[in-house]
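# Summary of structural features
Spelled out, the chains give:
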Amino acid sequence: MNYIFYFLIVVSIIAGAINGKLSDVVNAILSGAELSVKVAFSLIGIMAFWLGMMKIAEKCGLIEIISKLIKPVTKKMFNEIPENSPAIGDIAMSFSANAFGLTNAATPIGIKAMEELQKNNTDKNSASNAMCMFLAMNTAGFQLIPATVIAVLIGIGYKNPTEIIAPTLLVTTIAFISAILLAKLFQRFWSPQENKEVNP
Amino acid sequence: MTFQSVMNVISLWALPFIILLILTMGLVKKVPIYEVFTDGAKDGFKVAVNIIPYLVAIIVAISMFRASGIIEMLENALSGILAQIHVPADVIPVMIVRSLSGSAALGVFSDIANTLGPDDYATKLSAIMVGSSETTFYVLAVYFGAVGISKLRYALLVGLLADIIGIVAAVCVCNWMFL
């Protein structure tokens, strides 16, 4: 991440200078910083709502039931997470919310899952294998219906916007499966985390 | 019922159903739902504030990147090669931007759709590319930021490789179905 961060900024400044857009690049710092805070603050309300809901779901045993239902799948994917961890249920809920395009619910629930995964993490500064797997699932963006895209297509008078669903689903499935396989592969070859805590 | 209308019903009912299920089950199991809800909700503010530094780092870097004109430079550099596999030059910004910024990708796509119209191949290809992806950098910043993790190990690499595979798959599927 250090190199990516450096690369993005240095390349921007150099390219900005070459293209005579250096002032735009500098202005982008201000607008980007403003946007970040806007994004974060716009999350507060919906985050509070779903974290509250998920707490009830956890207390009444719903998360546990979901965890048990999907255990056969997740056992292979998240082999470092204890079987009775609420993280598994959270991951399942977050995945379903994403699949149905419920982005507002998916992000808070996903963050809740990350917090649960962090409890099992041995080095609190670095990503555990389970976290990398969960993020691989999320960055691939598996979604059954691309609702926003369809809305744009309907807006321009596209005759049969639903014909886009099947190819999109095929592509997103390919990306999703590749992401999981890649995460599994890297898990094996990447240098393991430091074990900083005696009793995780 | 078509697949589409089934999906519409599910999308409409999914959230109300989950909320009803959680609250009802909570009440049946004698969980003090109001207290537990407010207790859980307290973390909302904390989490949102926690992710600000991570979001600032990512969003500022990406805003600078987009403002620098480098995407246009890449577009010129890549257009020759990509034309060979039937990728129109208009779609190149979508390919580059979709891992960086979701709103930008959607913006470029709307632009293509509105200027080239519904029958153009570029509209279809960019629709599939935008519809099949999630913004890798944003997801990483928010999820890792929320728990304070700054060493991502291989997470970014996996996300970007999967994005590239997704782009290749989109080009192949679109070539096969719409050419």
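Scroll up for the structure.
Below or above, wherever it landed, is the structure these notes cover. (Residues numbered from 1 in each chain as written. Chains lettered and ligands numbered in written order. Predicted model: local features only at pLDDT ≥ 70, side-chain atom pairs only at ≥ 80, totals over all residues. Heavy atoms only, no water.)

Let's shift gears to the overall build of chain B. Looking only at helices and strands, one finds 10 helices and 0 strands in chain B. Secondary structure elements of chain B occur, N-terminal to C-terminal, as α-α-α-α-α-α-α-α-α-α. For 179 residues, the compact-globule estimate of 2.2 N^0.38 gives 16 Å, and the C-alpha radius of gyration of chain B, at 21 Å, exceeds that figure by more than 25%. Structurally, chain B occupies a C-alpha span of about 65 × 45 × 30 Å along its principal axes. Counting every position in chain B, which comprises 179 residues, the buried fraction comes to 51%. Put simply, of all contacts in chain B between residues at least 6 apart along the chain, 65% involve residues at least 24 apart. For chain B, the exposed surface amounts to about 8,000 Å²; the carbon and sulfur share of it is 69%. Treating the 9 positive side-chain charges of chain B as one cloud and the 11 negative ones as another, the clouds have centres 17 Å apart. (Helix = DSSP H or I, 4+ residues; strand = E, 2+ residues; numbered from the N terminus. Rg over C-alpha atoms; globule rule 2.2 N^0.38 Å. Buried < 20%, exposed > 50% of the residue type's maximum accessible area, 1.4 Å probe, protein only. Contact = heavy atoms within 4.5 Å. Areas by Shrake-Rupley, 256 points an atom, 1.4 Å probe, with all protein chains shown as cover. Lys, Arg positive; Asp, Glu negative; His and termini not counted. Charge placed at Lys NZ, Arg CZ, Asp CG, Glu CD.)

Our next topic: the packing of helix α6 (residues 103-119) of chain A against helix α7 (residues 129-139) of chain A. Residue and element names in this part refer to chain A. Two elements in contact, α6 and α7, have axes whose closest approach is 9 Å; the angle formed by their N-to-C orientations is 165°. Relative to α7, α6 is oriented roughly antiparallel. Read as a crossing pair, α6 and α7 show a hand that is right-handed. Two secondary-structure elements touch here, α6 through G110, A113, M114, L117 and Q118 and α7 through A130, M131, F134 and L135. For the contact of α6 with α7, the class distribution of residues is 7 nonpolar, 2 polar and no charged. (Axes fitted to C-alpha atoms, helices over the stretch in contact; angles between N-to-C directions. Parallel < 35°, antiparallel > 145°, perpendicular 65-115°, else oblique. Left-handed = near helix turned anticlockwise from the far one by under 90°. Nonpolar A, V, L, I, M, F, W, Y, C, P; charged D, E, K, R; others polar.)

The next point concerns the side chain of A:D90. Residue and element names in this part refer to chain A. Tracing the sequence through the fold places D90 in helix α5 (residues 86-99). Using a relative accessible area of 0% as the deciding quantity, one classes D90 as buried. Beyond its immediate stretch of four places on either side in the chain, D90 contacts M54, I63, I109, K112, A113 and E116.

Don't take any of this as a statement about function, it's just geometry.
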